[in-house]
Amino acid sequence: MNALILIVEDEAEIAAILEAYFAREGFRTVQAQNGQVALDLHLQLKPDLVVLDVKLPKLNGYEVLAAIRRRDDTPVLMATALTDDLDKLQALRIGADDYVVKPFNPLEVVARARAILRRSKSQSEATIIRVGKIEIDLTSHAAIVISDDGRRQKLDLTLTEFRLLAHMARASNRAFTRSELLDACLPEGEAMERTVDSHISNVRRKLESAAAKGYLEGVRGIGYRLVPVT
Ligand code: CA
């Protein structure tokens, strides 16, 4: 499906022009005329990118940006009316991905948006970690074992088990203490260190049933590590 652009702009004429240019380039669009509607639509529709005017009724663009950043990392392209450098810096400092200065060329806005989307796509593609024949996709929270003949078997892990495996996969061969693993996989809980042992043994059993043996090693006096079996 084509990327959805949320256009946040209170001047109807500018919004209509942006919408037309994005639509012509094959994007889907939705409009918000004020900051509060923008936040509601962001929550409901999860747009791929937000084009965000600074001067808006209700909540201004900075407030909207800050609220979006408290939720997630949706790419945001700010449209600043002022040529003031402080304004641009402020936008970037609180987490805008790029900015354009009004009056802008709508073609440039679309080009900037496209560049940001390309960057964010390549970032999310980079969130795949491979350790031996285990593949961990941090974006979709999937752990897959790839067999020698190329078959892909998804492991049925609980969230805690997935976090544990992903944490160890980020630094394969490194030995982790139980307390480090506990912090990584059960940050909200008050679980005891020995609960790590039972999670590890579940992950190990699931890996082994997908024919991935020997990946999780106990390290005497320390804890565990994930080794890339070849
Ligand atoms: Ca405005």
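Residues numbered from 1 in each chain as written. Predicted model: local features only at pLDDT ≥ 70, side-chain atom pairs only at ≥ 80, totals over all residues. Heavy atoms only, no water.

Q: Help me out: how do you make sense of the coordination of the calcium ion in this one?
A: Ligation of the calcium ion by protein atoms is provided by D10 (OD), D53 (OD) and K55 (O), these donors lying 2.1 to 2.3 Å from the ion. Take D53: its relative accessible area is 2%, and that puts it in the buried class. (Donors = N, O, S within 2.8 Å, 3.2 Å for Na, K, Ca; no water. Buried < 20%, exposed > 50% of the residue type's maximum accessible area, 1.4 Å probe, protein only.)

Q: When you look at the environment of Q33 in this model, what are you seeing that I'm missing?
A: Tracing the backbone through its elements, the reader meets Q33 in the loop between β2 (28–32) and α2 (35–45). Residues Q33 and R204 lie 171 residues apart in sequence; the distance between their C-alpha atoms is 52 Å. Non-local contacts of Q33, meaning those with residues more than four positions away in its chain, are made with E9, D10, L56 and P57. There is a polar contact of 3.4 Å between the side chain of Q33 and the side chain of Q31. (Helix = DSSP H or I, 4+ residues; strand = E, 2+ residues; numbered from the N terminus. Contact = heavy atoms within 4.5 Å. Polar contact = N/O pair within 3.5 Å; in protein donor to acceptor, adjacent residues only side chain to side chain.)

Q: Explain unusual backbone geometry here, please?
A: Keep in mind that most residues, glycine aside, have a negative phi and that most peptide bonds are trans. A cis geometry characterises the amide bond from K102 onward to P103, with omega recorded as -5 degrees. For P103, the position within the fold is in the loop between β5 (98–101) and α5 (106–125). Despite not being glycine, K46 shows a phi value in the positive range, around 45 degrees. Mapping K46 onto the fold places it in the loop between α2 and β3 (49–53).

Structural measurements only, silent on function.
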